[in-house]
Amino acid sequence: MDKKDIRALSLEELKQFFTDRGDKSFRGKQVYEWLWHKVAYNFEQMTNLSKECRTMLEENFVINHVKIDKVQTSIDGTVKNAIRLYDGLLVESVLIPTDTRTTACVSSQVGCSFDCKFCATAKLKRMRNLKPDEIYDQVCVINQQSLVNHNHKLSNIVFMGMGEPLLNYKNVIASIDKITSEEGLGMSPKRITLSTSGVPKMIMKMADDDVKFNLAVSLHSAINEVRTRIMPFNEKFPLEDLAESLRHWYAKTQNKVTYEYIVWKGVNDRDIDIEALVDFAKIIPCKVNIIEYNYIGDDDFKQADPRTINKYMRALERNGIVVNLRKSRGEDIDAACGQLANKEELE
Ligand code: SAH
């Protein structure tokens, strides 16, 4: 018989497991603390339990902790981890240090459900959703690296690794609950950003669920025709629906949105592209991050020249919209946005 993954159990279920065996429910709490707060990899580590109890747990359950398969470090200090899951699949998780803080960039799916033409992960197709504990483990791995490399805990988390988090909503939310809860890492949701390609129905749901973390939307074009060309799912989820969901998001959460935007030569570098973005950015309070395009071995996409990017920035600023230019990190090890594709494995 396959043993059950103990981390699929809630605190209540763990307590129940012990009381059903005539033991104290308090044991459930102890085990839960080991699993989540102290990040135990095996039952042997749970030293405040008796030997019999640990053996009994061993006989009934497994801990499917992720394993670090490979670590690569960039000249800029960015660290890319290839993370092996219990069923042998791989995802990538990245540690991005700046002077004062460290950010974990985590994956939410193996591969991706979407088909953005400029993204390396999209070429992998979606293999499966990650479970809450597999997302949580990535954060713990990077938190540990932050402590070792930088002497302080992880400060921020972005769901900008592989996958579309809003197409794995339930598990992503469950992982964030653990990350923010006192039994887990006790991190503030204000330090967490979920980045989505834009799934209107799920943005509505997130607003209704009154989530406390930040929202980023990968926009890349505010003109349907252009956006559908580079992000084909836009056909199904057009900008009008996205706009409506964002209005709902702001009305419910009073939290502004961040738009991620890449400017490509011959794709979205015309004046009407700029005007469309300025208009879209007026829908709800927002910030625009112009991000550098990272080459993924495809000559269809080339970053626009600095003059065009400047034009974008000035137009946004003239309209009172906050805009930042974001430099790529970890490009030399294919750890930058859109480059996560288990390349080492494929080679
Ligand atoms: N699916 C989610 C999260 C993963 S992608 C989303 O789309 O937001 C994380 C970010 O990397 C997105 O903003 C995405 O548009 C961007 N990105 C994808 N490919 C890229 C590339 N080649 N260069 C730079 N950024 C890229």
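Draft legend 1. Molecular detail of the sheet that holds strand S14 (residues 322-326). In space, the ten strands of this open sheet follow the order S3-S4-S5-S6-S9-S10-S11-S12-S13-S14, with mixed pairing throughout. Looking at strand neighbours, the two that pair on one side only are strand S3 (67-73) and S14, the edges of this open sheet. Adjacent strand axes in the sheet meet at a mean angle of 20° when their direction is disregarded. Here strand S9 (residues 156-159) pairs with strand S10 (residues 192-196) via three bridges, running parallel. The residue bridging Phe159 from the neighbouring strand is Leu194, located in S10. Strands S3, strand S4 (79-84), strand S5 (90-97), strand S6 (102-105) and S9 of the sheet are contacted by helix H4 (residues 132-150), whose axis makes an angle of about 35° with S5. Contacts between helix H9 (residues 271-281) and the sheet are confined to strand S12 (257-261) and strand S13 (286-291), with S12 contributing the most and set at about 165° to the helix.

Draft legend 2. Expanded view of the pattern of salt bridges. Scanning the model with the defined rule gives 19 salt bridges in all. Its salt-bridge partner being Glu44, residue Arg54 comes within 3.4 Å of it at the nearest N-O pair. Here Glu44 lies in the loop between helix H2 (25-37) and helix H3 (51-60) and Arg54 lies in helix H3, a separation of ten residues in the sequence. Arg54 sits in the buried class, given a relative accessible area of 13%. Taking relative accessible area as the criterion, Glu44 reaches 42% and is therefore assigned partly exposed. A salt bridge links Glu225 to Arg229, with the nearest nitrogen and oxygen atoms 3.9 Å apart. On the criterion of helical spacing, the pair formed by Glu225 and Arg229 is a turn pair, its members being four residues apart in helix H7 (residues 224-230). On the basis of relative accessible area, Arg229 is assigned to the partly exposed category, the value being 47%. Salt bridges here are not isolated pairs; linked through shared partners, they connect Arg7, Asp133 and Asp137.

Draft legend 3. Structural detail: the packing of helix H6 (residues 200-208) against helix H8 (residues 239-253). Two elements in contact, H6 and H8, have axes separated by 8 Å at closest approach and are oriented at 5°. Taken together, the axis directions place H6 and H8 in an arrangement best described as roughly parallel. Counted together, Pro200, Ile203, Met204, Met206, Ala207 and Asp208 of H6 and Asp241, Leu242, Glu244, Ser245, Leu246, His248, Trp249, Lys252 and Thr253 of H8 form the full contact between these two elements.

Draft legend 4. Main features of the packing of H9 against helix H10 (residues 306-318). With their axes 10 Å apart at the nearest point, H9 and H10 run at an angle of 35° to one another. The chirality of how H9 crosses H10 is right-handed. Note on element contacts: H10 touches H9 through Lys311, Tyr312, Ala315 and Leu316, opposite Asp271, Asp273, Ile274, Leu277, Val278 and Ala281. In terms of residue class, the contact of H9 with H10 is built from seven nonpolar, no polar and three charged.

Draft legend 5. How the structure looks around the site of the ligand. Not every one of the 21 residues close to the ligand is listed here, only the nearest: Phe118, Ser195, Ser197, Ser218 and His220. Glu164 is positioned with one of its side-chain polar atoms (N or O) 3.1 Å from a nitrogen atom of the ligand. Within the side chain of His220, one N or O atom sits 2.6 Å away from an oxygen atom of the ligand. Bound to the protein, the ligand loses 97% of the 540 Å² it would expose on its own.

Draft legend 6. Just the domain arrangement of the chain, in detail. Once the domains are mapped, the chain shows domain 1 (4-62) and domain 2 (67-346). The straight-line distance from the C-alpha centre of domain 1 to that of domain 2 is 35 Å. The interface is formed by six residues belonging to domain 1 together with eight residues belonging to domain 2. For the domain 1 face of the interface with domain 2, the top three residues by lost area are Arg7, Tyr32 and Trp36, together amounting to 59%. One can count two salt bridges joining domain 1 with domain 2. With a shortest N-O distance of 2.7 Å, Asp137 and Arg7 are connected by a salt bridge. Taken together, domain 1 and domain 2 are joined by six residue pairs in polar contact (both at pLDDT 80 or more).

Draft legend 7. Quick peek at the packing of aromatic side chains. On inspection of all chains with the given rule, the structure shows 14 aromatic pairs. Taken together, the aromatic side chains of Phe118, Trp264, Tyr293 and Phe301 make up a single cluster linked through ring pairs. Note that Arg7 overlies the ring of Trp36, its terminal NZ or CZ placed 5.4 Å from the centroid. In this structure, Lys178 is placed above the aromatic ring of Trp36, and the distance from its NZ or CZ to the ring centre is 4.1 Å.

Draft legend 8. Quick peek at the pairing of strand S11 (residues 214-218). Burial analysis of S11 places four of its five residues in the buried class, which makes it a mostly covered element. Bridge analysis of S10 against S11 gives four bridges, and the strand direction is parallel. Of the residues in S11, the one forming a bridge with Thr193 is Asn214. Handedness of the crossover is the feature at issue here: the chain leaves S10, passes through H6, returns alongside S11, and the resulting connection is right-handed. Across four bridges, S11 lies against S12 in parallel orientation. Its bridge partner lying in S12, Ala216 is registered against Thr258.

The rules behind each value
Residues numbered from 1 in each chain as written. Predicted model: local features only at pLDDT ≥ 70, side-chain atom pairs only at ≥ 80, totals over all residues. Heavy atoms only, no water. Pairing = 2+ DSSP bridges. Helix = DSSP H or I, 4+ residues; strand = E, 2+ residues; numbered from the N terminus. Axes fitted to C-alpha atoms, helices over the stretch in contact; angles between N-to-C directions. Contact = heavy atoms within 4.5 Å. Salt bridge = Lys/Arg side-chain N within 4 Å of Asp/Glu carboxyl O. Buried < 20%, exposed > 50% of the residue type's maximum accessible area, 1.4 Å probe, protein only. Parallel < 35°, antiparallel > 145°, perpendicular 65-115°, else oblique. Left-handed = near helix turned anticlockwise from the far one by under 90°. Nonpolar A, V, L, I, M, F, W, Y, C, P; charged D, E, K, R; others polar. Near = heavy atom within 4 Å. Polar contact = N/O pair within 3.5 Å; in protein donor to acceptor, adjacent residues only side chain to side chain. Areas by Shrake-Rupley, 256 points an atom, 1.4 Å probe, with all protein chains shown as cover. Domains from an automatic or database assignment. Buried area = accessible area lost by both parts, 1.4 Å probe. Phe/Tyr/Trp six-rings, centres within 6.5 Å; stacked < 30°, edge-to-face > 60°. Lys NZ or Arg CZ within 6 Å of the ring centre and 35° of its normal. Right-handed = clockwise from strand over helix to strand, strands pointing away.

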